[in-house]
Amino acid sequence: MKMIEEQISSLSDSISAVEEDLQKDKVSFLSSYKATQTRARVQSSLTDPQLVSGALIDVAKHLGNLSFRVWEKMKDLVHFSPVILDPNTAANDLYLSDDLTSVRRGDTNQQLPDNPKRFSWYADVLGSEGFSSGKHSWEVEVGDHPHWNLGFVKESVDRKGEIYPSPKHGVWCLVHHSGTYTNGAGQTVRVRKSLQRIRVQLGYDRGDVSFYDPEDTTPICTHRDTFTEKLFPYFSVGKSGDAKTADIKICQTDVSL
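Residues numbered from 1 in each chain as written. Predicted model: local features only at pLDDT ≥ 70, side-chain atom pairs only at ≥ 80, totals over all residues. Heavy atoms only, no water.

Secondary structure assignment for the protein chain yields 5 helices and 13 strands. Relative to its 257 residues, the protein chain shows a buried fraction of 35%. Summed over its atoms, the accessible surface of the protein chain is roughly 16,500 Å², and 52% of this surface lies on carbon and sulfur atoms. (Helix = DSSP H or I, 4+ residues; strand = E, 2+ residues; numbered from the N terminus. Buried < 20%, exposed > 50% of the residue type's maximum accessible area, 1.4 Å probe, protein only. Areas by Shrake-Rupley, 256 points an atom, 1.4 Å probe, with all protein chains shown as cover.)

Moving on, we get to the pattern of salt bridges. Under the definition given, this model contains 10 salt bridges. What you see here is one network of salt bridges that share partners, running through Glu139, Glu141, Arg197 and Arg199. (Salt bridge = Lys/Arg side-chain N within 4 Å of Asp/Glu carboxyl O.)

The next thing to look at is the sheet that holds strand β4 (residues 135–141). If you walk across this open sheet you meet the 7 strands as β1-β2-β13-β4-β9-β10-β11, and the pairing is antiparallel. Where the open sheet ends on each side, the last strands, each with one partner, are β1 (94–96) and β11 (218–224). Across the sheet, the mean angle from the axis of one strand to that of its neighbour is 20 degrees, orientation sign disregarded. As paired elements, β1 and strand β2 (residues 102–105) share 3 bridges and run antiparallel to each other. In the sheet register, Leu96 faces β2, and the bridge partner there is Val103. (Pairing = 2+ DSSP bridges. Axes fitted to C-alpha atoms, helices over the stretch in contact; angles between N-to-C directions.)

Counting buried positions along strand β5 (residues 147–154) gives 6 out of 8 residues, so the element sits mostly inside the fold. The sheet contact formed by β5 and strand β6 (residues 171–177) spans 7 bridges and is antiparallel. When the bridges of β6 are listed, Leu150 appears paired with Leu174.

Among the nonpolar cores identified, the biggest contains 34 residues, and Leu150, Ile198 and Phe235 are the most heavily contacted of them. When contributions to this core are tallied by element, the ones reaching two or more residues are β4, β5, β6, β9 (197–203), β10 (208–213), β11, β12 (231–237) and β13 (247–250). Beyond its immediate chain neighbours, meaning those up to four positions away, Ile198 contacts Trp138, Glu139, Val140, Val142, Trp148, Leu150, Leu174, Phe211, Tyr212, Pro214 and Ile220. Grouped together as the second largest cluster of nonpolar side chains are 10 residues, Leu126, Val153, Val171 and Phe232 included. (Core = buried A, V, L, I, M, F, W, Y, C linked by side-chain atoms within 4.5 Å. Contact = heavy atoms within 4.5 Å.)

For β10, the buried fraction is high: 5 of the 6 residues fall into the buried class. Pairing analysis gives 5 bridges linking β9 to β10, with the strands arranged antiparallel. Bridge pairing links Gly203 to Asp208 in β10. As paired elements, β10 and β11 share 6 bridges and run antiparallel to each other. If you follow Asp213 over to β11, its bridge partner there is Thr218. Connecting β10 to the next strand, β11, in antiparallel fashion are 4 residues, including Thr217 with a positive phi near 55 degrees.

Taken together, 6 strands build an open sheet; the order of strands is β3-β12-β5-β6-β7-β8 and the sheet is antiparallel. Each edge of the open sheet carries a strand with a single partner, namely β3 (124–126) and β8 (188–189). Inspection of the sheet shows β3 paired to β12 by 3 bridges, in the antiparallel sense. Considered in β12, the bridge of Asp124 is made with Ser236.

With that settled, the discussion passes to the side chain of His223. Counting through the fold element by element, His223 comes out in strand β11. Among the polar contacts made by the side chain of His223, one reaches the main-chain carbonyl oxygen of Cys173 at a distance of 2.9 Å. Sequence-distant contacts of His223, that is, excluding residues within four places in its chain, are made with Pro167, Trp172, Cys173, Asn183, Gly207, Asp208, Val209 and Phe211. (Polar contact = N/O pair within 3.5 Å; in protein donor to acceptor, adjacent residues only side chain to side chain.)

Let's shift gears to unusual backbone geometry. Despite not being glycine, Ser178 has its phi angle at roughly 55 degrees, a positive value. Residue classification places Ser178 among the exposed positions, given a relative accessible area of 57%. Backbone geometry places Thr217, a non-glycine residue, at a positive phi of 55 degrees. Secondary-structure assignment places Thr217 in the loop between β10 and β11.

As structure tokens, this is what we get:
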């Protein structure tokens, strides 16, 4: 720092000297220019910087496993949802979130194209991916929402007419209405407490659709059947009224290597 201060002082002296010469007439300035230039060079000469021990960039530290480190940072910013809702199937009074992972019932109907996939009788929406084999599960945040149906429907389910949440109509679900839970086949399901989250699980090859309380994996109910076509995740949403929870939301899952 002392050396730098001395160099700054020397440079300031050189600037002052040049400024004095500039005050002279042109002929005098030009005649003394070489001497002024030489003096300025001598006074402002700087030595080359010396390499300080430990000043090298640790290339290995910053570039080693770079793609993994980027992924490690990104996984805290992005999230994975096991089910993505299909807006082409949503009834016109359902409003989906921008990331297609939650749905709520609105007070007005939207102007949407009446394509063959869209439900037009009930406030239903399906997941974008169907399953015809394997085991699949996810959790849904229902909070204190008073009216919802969750489960699966067969691909050929009637989307334009009146259907009932029953296996006879190709719907395997858990129904909640005003604090009462039923299995969609007219049977009441007893639970120990009001459920805030539901785990939905499909075992296609075994022929079962099951529902659990994810807090302690307590079984709620199970449908057993023989599936002959592709099944799609199914969500039916009533009006939330005065409930704190207006949106039925698919829970995000952790991503692991």
